[in-house]
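# Inside the fold
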Amino acid sequence: MPDLPALPADPRWRVEHLPFLSAVSAALLLCAASAGFLAQGPAGAVGAATGVLVVILSYTMSTLVIAWADTVRPSLLMPLGLLTYMVKYTLLGVVLAFGVSADWEGKTALGLGIVAGVIVWTGVQAWWMYRRTRPEVI
C-alpha cells in the first residue's frame, strides 16, 4: 500500500453543506407539491413532490458515499464515486422511463420536479462552494 497524506483532523467539512441544502430542498419540495396541486390536482402534487424527492435522495446519497470514501481511504474516491453515479443515474433512468410510459396524470409534474430539484440543488451547492472558497475582500 502506498503512503497517503494525513487526513484533516475534522472530516465534517465534507458534509457541512447538507443541512442548508436539506432545508432548501424541503422548501422546494413543499413549493413543488403546491404548484403541482394547483396545476394538476393531487396527481400533480404527488408527481412534483416525488420528482424533487428523487433528486434529494440521490444527491444526498452521492455526497455521503463520496465523503465516507474520502475519510476512509481517498484512493476509493474515484471507484466508489463512479459506482454511485452509475447506480444513481440508472435508478433515475428507471424512474423516468416508468414515469414516461405510465398512463398517469402526474408524469409531467414528476419530470418538472426532477428538473427543478436538479437546478435548485446544483445552484445552491455552487453558491455554497463559491461562498466558502472566494477570497476575502479587505
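Now for a description of the structure that goes with this document. None of the values given here were measured: they were computed from a predicted structure. (Residues numbered from 1 in each chain as written. Predicted model: local features only at pLDDT ≥ 70, side-chain atom pairs only at ≥ 80, totals over all residues. Heavy atoms only, no water.)

### Observations concerning the nonpolar core
Core analysis: the biggest nonpolar cluster contains 15 residues, and Val 52, Ile 114 and Trp 121 have the highest contact counts within it. Leave out the neighbours within four places in its chain, and Trp 121 touches Leu 18, Leu 21, Ser 25, Ile 56, Tyr 59 and Thr 60. (Core = buried A, V, L, I, M, F, W, Y, C linked by side-chain atoms within 4.5 Å. Buried < 20%, exposed > 50% of the residue type's maximum accessible area, 1.4 Å probe, protein only. Contact = heavy atoms within 4.5 Å.)

### Topic: helix 4 (residues 107–133)
Under the 1.5 Å per step criterion, the end-to-end length of helix 4 is 39 Å for 27 residues, consistent within 8% with the ideal 39 Å. All of the buried residues in helix 4 are Ala 109, Leu 110, Gly 113, Ile 114, Gly 117, Trp 121, Val 124 and Trp 128. The secondary structure elements touched by the buried residues of helix 4 are helix 1 (18–40), helix 2 (42–72) and helix 3 (77–101). (Helix = DSSP H or I, 4+ residues; strand = E, 2+ residues; numbered from the N terminus. Expected span 1.5 Å × (residues − 1).)

### Describing the packing of aromatic side chains
Using the criterion set out here, one finds 4 aromatic pairs in the structure. Between Tyr 85 and Tyr 89, the aromatic rings sit 6.3 Å apart at their centres with planes inclined by 20°, giving stacked as the arrangement. Of this pair, Tyr 85 and Tyr 89 both sit in helix 3, 4 residues apart, which is roughly one turn of the helix. Judged by relative accessible area, which is 43%, Tyr 89 ranks as partly exposed. Each member of the aromatic cluster is reached from another via a ring pair, and the members are Phe 20, Trp 127 and Trp 128. One Lys or Arg, Lys 88, reaches over the ring of Tyr 59 and ends 4.5 Å from the middle of that ring. The side chain of Arg 131 reaches across the aromatic face of Trp 128, ending 4.6 Å from its centre. (Phe/Tyr/Trp six-rings, centres within 6.5 Å; stacked < 30°, edge-to-face > 60°. Lys NZ or Arg CZ within 6 Å of the ring centre and 35° of its normal.)

### Details of the pattern of salt bridges
Summed over all chains, the structure comprises 1 salt bridge. Residue Arg 14 pairs with Asp 70 through a salt bridge whose shortest N-O separation is 2.7 Å. With Arg 14 in the segment before helix 1 and Asp 70 in helix 2, this residue pair connects regions lying 56 residues apart in the sequence. Judged by relative accessible area, which is 10%, Arg 14 ranks as buried. (Salt bridge = Lys/Arg side-chain N within 4 Å of Asp/Glu carboxyl O.)

### Concerning the environment of Leu 30
Relative to the helices and strands, Leu 30 resides in helix 1. Along the primary structure Leu 30 and Val 118 are separated by 88 residues, whereas in three dimensions their C-alpha atoms are 15 Å apart.

### So, the environment of Ser 58
Assignment of secondary structure puts Ser 58 in helix 2. Between the C-alpha atoms of Ser 58 and Leu 29, which are 29 residues apart in sequence, the distance is 14 Å.

### Here's the deal with helix 1
Taking 1.5 Å of rise per residue, 23 residues should cover 33 Å, and helix 1 covers 31 Å from first to last C-alpha, within 8% of that figure. All of the buried residues along helix 1 are Leu 18, Leu 21, Ser 25, Leu 28, Ala 32 and Gly 36. Residues of helix 1 that are buried make contact with helix 2 and helix 4. Residue Gly 41 follows helix 1 closely and has a positive phi angle near 80°.

### Things to note about the packing of helix 3 against helix 4
Between helix 3 and helix 4, the shortest axis-to-axis distance is 9 Å and the interhelical angle comes to 150°. Between helix 3 and helix 4, the angle is such that the two are roughly antiparallel. The chirality of how helix 3 crosses helix 4 is left-handed. Across the interface between the two elements, Leu 92, Val 95, Leu 96, Gly 99 and Val 100 of helix 3 pack against Lys 107, Leu 110 and Ile 114 of helix 4. (Axes fitted to C-alpha atoms, helices over the stretch in contact; angles between N-to-C directions. Parallel < 35°, antiparallel > 145°, perpendicular 65-115°, else oblique. Left-handed = near helix turned anticlockwise from the far one by under 90°.)

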